[in-house]
Amino acid sequence: MKKMILLLLLTAVVLGINGQGVSMKGYVHCAEHDHYLPAASILLQPGERHLQSDENGFFALDELARGNYLLTVQYIGYEPLTLSLSLQQDTLLHIHLHPSALLLKEVMIEGEQPKEPSLAPALAVEELGRHFLMQEHSESFAKTLATLPGVASMDIGAGFSKPVIRGLGFNRVAVSDRGIVQQSQQWGADHGLEIDQYDVDNVRVYKGPMSLHHGSDAMGGVIEILPPQVPQQEGVRGDLTLTAKSNNDLMGVSAAVAAKSGRWYLRGRATLQHYGDYRVPADTVTYLTRQLPLHGRRMKNTAGREQNLSFSVNYGGDSLESWLHASYVSGRNGFFPGAHGIPSLDRLLPDGSVRNLDMPYSSSGHLKLISNNRIKLKGATLQADLGVQQNRRAERSPFHTHYGSQPPPAVDPDLELQFLLNTYTLNSSILWDQEKRWRKQAGIAAELQHNRVGGYSFLLPAYDRITGGAWWMNEFVVNDRLTLSGGLRYDIGSLTVEGFHDPLLEAYLLSQQLSAAEAAQYAQRAEALQRRFGDWSGALGIVYRPSERHAFRMNVGKSFRYPTAAELASNGVHHGAFRHEQGNNTLNPERGIQWDGEYRYHDHRWEVTVSPFLSHFGNYIFLEPSGIWSMLPHTGQIYRYRQARAVTGGGELAVTYRLDAHWQLGGDLEVVRNRNLEDGYALPFSPPDMATGDLSYRGFSPGTMAQYRLRLQYRHVWDQQRVAKNEEATAGTSLWDFSAHLQWRIGRRRVITDLQVQNIFDRPFLNHLSFYRRLNIPEPGRNVQLIVRVPIG
């Protein structure tokens, strides 16, 4: 029986690859009572570097060469800890030692995945581990990330969301999954991000322009999902996660099994969720002056289900490391009948079940294969990422026609809209002189998209898109406090859109006494189109750390985004928005000059982060009411994409204060201001100002409840009166949440529970970014959520 009892909670804070060497800092805690251990003995090998923790349990080692080490921590009366580390970046450790009187077989180690070789941008970045993602778990991956200051989510009901960073969303935020940009939100506002959040172990959130690293679509920032962590020890392990939510009666289970043997590591995960119609704290909603009843305060037909599978294989050799990831994320989500087409009171009556799924609904399937390969050469590292994605999306609604002469399709008559997108991606780079003061990296990227459409309705035409780019980046270490970085990139792209003529629409319009010219113009739903694009991006950054407690970052970047096929060539009724949306084939690539800064201060009590930003766009693309009445039946005026000069600015402030070893106060403030410089209006979908404050208590216990953390959080959302033309203002609100993170010793097993009570007082409020905001539908009401995690092995 082992005498050593170890629990290591490792959190990593990346401050960039800035010094000629890297630093390792940390705190040594007592695992049972969570107080710091002064004068703990610390030994790092090779190098035989000895030191002791100070009166706050803090220690630091600087100017370490990148590589593998053995870290040994000892303290009288406690079991010693020896840990293998791969230091590739500045690292912060929290080490918990157990008193030697306890005897347990189990050794639990949570560590940081060594960072893949790349030059880090001088941008504000948040690194999140599985611990954070489970504690802040919400209805979707994007909504979970929205707990970060500066990040918001654009929600589509209770199950789907897409991320917004500093007011920039849609295709202005790239989601990179294991090195490949995810393509699942480019079709429109009601297409969420298809990620199984249970399958994410580590993620980085960059706030600011990342076109230099990812090309188009990364103007607002990047959400970077990293590969799973490979454990140090061999063996079989896994976890079982059970989830229940009261608001929509969700029941979910996610299970993972992993095995490591020699140089091989395998992992698989399956997730299943089923939920019913969600509840809102309102009896009616008002839409277009009509009062729509919400029977039982439930949003009828918003039930859904998800089935997700993933599998990963890793080979870790001395000169070659390779990953293969395969995943399939699928779901079926109902549309509130009042949000799809013309609201009808009959369609809102209860149907006897809150868990059934009737039309209208959407179904989606996202298949993805990713291969990551890293080859160590003499003095250089070669990285190659390959990706294949297939996105399927279908919207089904009982066949109905707005044109009297349109017959139902002979096959699959209730298929209203269908999209099928195949994407093939290659990213390759080489990094050399990693150990020198002047580091260089160069790379190429290419992507091919093939999109086809179907259904009896029409919104977006079929298209093909091919893009490619080449880039060069440098990082120059002036000294151990100052690092400079910069680079340039050039991308080219080509988009080919298939034309589509609708003879049924033309016949209908002619029957409505339109002229032949007008009828023909409307019947040409999409013009055949071929556009070629080319643009450059670049960035200059500086990281300055004058002392251990202070760090400054600043980045100036030029970014761009190619217009999407929807912005160039859509032409049809968007049922959710209840409007005729029309693309503009004269749009040019969107360009922006963006400045971002960050200051961080930390000591054993305070952590303060200030992150201002300012951006100017020469031709921001947005959807604007044209003032022209559409001739399509049951629509309204035409909304057309256009471009205008625009400016955005704002920032985030985050403060944490540790009162003692148990109590902690925290708070953050996020502000976004923007303006269309040509008409003076705000840009659409601008998040309101928001502030949060929380008080938490944490502790350790030798009893059944090994660790616990209780938190009470207050959120205040200000009114959003700065709105775009024809966009409604949204009132602010104040909300209270409570959460409890508990770790239990049950026999020799450790069980983790996360309890959340969201919107404790069941307060009705509107989310300015919600897909259902236009129907004045409030956000889900009070929700009690319980997650139980059982590590296996």
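Because the structure is predicted, anything quoted here is derived from the model rather than measured.

What follows covers the packing of helix 4 (residues 503-511) against helix 5 (residues 516-523). Contact geometry of helix 4 with helix 5 gives a least axis separation of 8 Å together with a crossing angle of 150°. In terms of axis orientation, helix 4 runs roughly antiparallel to helix 5. For the pair helix 4 and helix 5, the crossing hand works out as right-handed. Together, Leu505, Glu506, Leu509 and Leu510 of helix 4 and Ala516, Ala519, Ala520, Tyr522 and Ala523 of helix 5 make up the contact between the two elements. Of the residues belonging to the contact of helix 4 with helix 5, the class tally is eight nonpolar, no polar and one charged.

For Thr692, the location among the structural elements is in strand 40 (residues 690-700). A distance of 2.9 Å separates polar atoms of two side chains, one belonging to Thr692 and the other to Asp668. When residues no more than four places from it in sequence are discounted, the contact partners of Thr692 are Gly666, Gly667, Asp668, Gln713, Tyr714 and Arg715.

A few words on the pairing of strand 43 (residues 749-758). The buried fraction of strand 43 amounts to eight of the ten residues, a majority that puts the element mostly inside the structure. In this sheet, strand 43 lies alongside strand 42 (residues 733-746) in antiparallel orientation, the contact comprising nine bridges. When the sheet's bridge partners are listed, Ser739 is paired in strand 43 with Gln756. Here strand 42 folds back onto strand 43, and the loop between the two strands holds two residues, one of which, Gly747, carries a positive phi near 65°. As judged from the seven bridges shared by strand 43 and strand 44 (residues 783-792), these two strands associate in the antiparallel manner. The residue of strand 44 that forms the bridge with Ile752 is Arg789.

Quick look at the sheet that holds strand 6 (residues 67-74) now. Spatial ordering of the open sheet is given by 4-3-6-7, a layout of four strands whose pairing is antiparallel. Sheet topology places strand 4 (49-52) and strand 7 (81-87) at the edges, where each strand pairs with a single neighbour. Each neighbouring strand pair of the sheet contributes to a mean axis angle of 20°, computed without reference to strand direction. Across five bridges, the pairing between strand 3 (residues 41-45) and strand 6 is antiparallel. Note on strand 6: the bridge partner recorded for Leu43 is Thr72.

Let us look at the environment of Arg267. Among the secondary structure elements, Arg267 is positioned in strand 19 (residues 264-275). We classify Arg267 as buried; its relative accessible area is 8%. Arg267 sits 29 residues away from Gly238 along the chain, and the two C-alpha atoms are 8.6 Å apart. Every residue in contact with Arg267, bar those within four places of it in the chain, is listed here: Arg178, Asp199, Asp201, Pro228, Val257, Ala258, Ser310, Phe311 and Ser312. Engagement of the side chain of Arg267 in a polar contact is seen with the side chain of Asp199, the distance being 2.8 Å.

Let us now look at the environment of His94. Along the chain, the position of His94 falls in strand 8 (residues 91-97). Sequence-wise, His94 and Phe617 are 523 residues apart; in three dimensions their C-alpha atoms are separated by 42 Å. For His94, the side chain forms a polar contact with the side chain of His29, separated by 3.0 Å.

The rules behind these values
The residue numbers shown here count from 1 along each chain, following its written sequence. pLDDT decides what is reported in this predicted model: residues at 70 or higher carry local features, side-chain atom pairs at 80 or more are listed and counted, and totals for whole chains, interfaces and linings draw on all residues regardless. Heavy atoms throughout the structure, all of them, feed into the side-chain values; hydrogens and water do not. Working convention: axes come from line fits to C-alpha atoms, limited for helices to the stretch in contact. Angles between N-to-C directions cover 0 to 180 degrees. Where helices and strands are cited, they refer to DSSP runs of H or I of at least four residues and of E of at least two residues respectively, numbered from the N terminus. Put simply, angles under 35 degrees are roughly parallel, angles over 145 are roughly antiparallel, angles from 65 to 115 are roughly perpendicular, and the rest are oblique. Each helix crossing is assigned a hand: it is left-handed if the near helix lies turned anticlockwise from the far helix by less than a right angle, otherwise right-handed if that turn is clockwise. Note on contacts: a residue pair is in contact if any heavy atoms of the two residues lie within 4.5 Å. Only Asp, Glu, Lys and Arg are considered charged, only Ala, Val, Leu, Ile, Met, Phe, Trp, Tyr, Cys and Pro nonpolar, and every remaining residue, Gly among them, polar. The definition of a polar contact used here is a pair of N or O atoms within 3.5 Å, where within protein one atom must be able to donate a hydrogen and the other to accept one, and adjacent residues in sequence count solely through side-chain atom pairs. The buried label applies to any residue whose accessible area, calculated with a 1.4 Å probe on protein chains only, is under 20% of its type's maximum; exposed applies above 50%, and partly exposed to all values in between. Two strands qualify as a pair provided DSSP detects at least 2 bridges between them.

Shape is all these values report; function is a separate question.
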